[in-house]
Amino acid sequence: MTFTLDSTRTQILAQPDAAPRFLIGVDGGGTGTRVKLADLQGKVLGLGDAGPSALGQGAEQAWRHIQQAVEAAAAQAGLANLAPIDCAIGLGLSGAGVPSQAAEFLARQPGYAALALDNDGFTTVLGAHAGQPGAVVASGTGSVGEVLRRDGSRGVAGGWGWIAGDEGSGAWLGLKAIRHACQAMDGRVPASPLAQAVWAVAGSTTEAMLAWGAVAGQHAYASLAPLVFDCVGSDPVAAGFVAEAVFELEKLALALDPEASLPLALCGSIAVRLAPEFSAALRARCVAPLGDSADGGLHLVRGLLQRTVN
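In this report, the structure presented in the accompanying data block is examined. (Residues numbered from 1 in each chain as written. Predicted model: local features only at pLDDT ≥ 70, side-chain atom pairs only at ≥ 80, totals over all residues. Heavy atoms only, no water.)

## Thoughts on the side chain of R154
In this fold, R154 is placed in strand 10 (residues 154-158). Engagement of the side chain of R154 in a polar contact is seen with the side chain of D118, the distance being 2.8 Å. (Helix = DSSP H or I, 4+ residues; strand = E, 2+ residues; numbered from the N terminus. Polar contact = N/O pair within 3.5 Å; in protein donor to acceptor, adjacent residues only side chain to side chain.)

## So, the pairing of strand 10
As paired strands, strand 9 (residues 143-148) and strand 10 are joined by five bridges and run antiparallel to one another. Looking across to strand 10, one finds that V147 is bridged to G155. Connecting the antiparallel pair strand 9 and strand 10 is a turn made up of five residues, with G152 showing a positive phi of about 90 degrees. (Pairing = 2+ DSSP bridges.)

## Describing helix 9 (residues 236-256)
Between the first and last C-alpha of helix 9 there are 31 Å, a value that for 21 residues agrees with the 30 Å anticipated at 1.5 Å per step. Along helix 9, the positions that sit buried rather than exposed are A238, F241, V242, A245, V246, E248, L249, L252, A253 and L256. Down the axis of helix 9, the buried set is contained in an arc of 165 degrees. They therefore lie on one face. In helix 9, the exposed positions that point more than 90 degrees away from the buried face belong to P236, F247, L254 and A255. You can read the cap of helix 9 off the contacts: a side-chain oxygen lies 2.8 Å from the backbone nitrogen of V237, and it is on D235. (Expected span 1.5 Å × (residues − 1). Buried < 20%, exposed > 50% of the residue type's maximum accessible area, 1.4 Å probe, protein only. Arc of directions from axis to C-beta.)

## A short note on the pattern of salt bridges
Inspection of every chain in the model, using the stated rule, returns twelve salt bridges. Across the salt bridge formed by D295 and K36, the nearest N and O atoms sit 2.9 Å from each other. Pair noted here: D295 is in helix 12 (residues 293-309) and K36 is in strand 4 (residues 33-38), with a separation of 259 residues, a long-range link. By relative accessible area, which is 17% here, D295 ends up buried. The class of K36 is buried, set by a relative accessible area of 15%. A cluster of three or more residues bridged by salt bridges with shared partners is formed by D27, R34, K36, D292 and D295. (Salt bridge = Lys/Arg side-chain N within 4 Å of Asp/Glu carboxyl O.)

This is the structure:
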């Protein structure tokens, strides 16, 4: 199978080696993988879930979890022995924009008849607006903003990863919470309710906190985000972190569409939870997503097949 790069959309496309009978849409991130199995007209036949498939966590793990989710969706559809060669797969995966990660992932392709790979932010746009122009601000474990413009061009804001960026995301809130808890343990700031909540999870001694941090990754930090929300009413520090998250996500929306001319969908657990806090002008642009990133994967691979036929 020969892979080519669509320079207008940074999609990695594979020309079909066989005529597929089914479509698979994949949404893969740092927390989990969700799959939708559909017929060639896009009717969903089965759903499946598995562990994370973000490419930054390794290609072998990504494919293992994708295949587990595909098998679950096939079983739900009554297609327990479904083979990859019978399917065209569209994948929206965190980390797909990193060439080395994408190349390693593609090298392990298990034999799908056709494949289209893009980042999960773009498939979220496709799913949210049913393939039509629009913008998305997505914030869950990580955060990113993506837009599909009316001229067919696309843009990205954020998505720099949980260490350098992902402002307004769960992992970003968790990092702010743990830093605050470290400062409180040192006596640099008061031991607020948020700091005490973090200590209850990560340890109430210096040694325990260091041990927690030594093994914590993106998902572990994101797991602290609910503590921030829980403390908003009793802790000005937590309330400040939430207000800052709103500000950062609004910056993404402005960068994507400065004229505010496109519909905007908010996706991901953090963005949805913060939606009531956004400015009135931004809320007025918001529309309910028509679908999710797995639906976007189906749009992605159907587009590949249509271009191949034409």
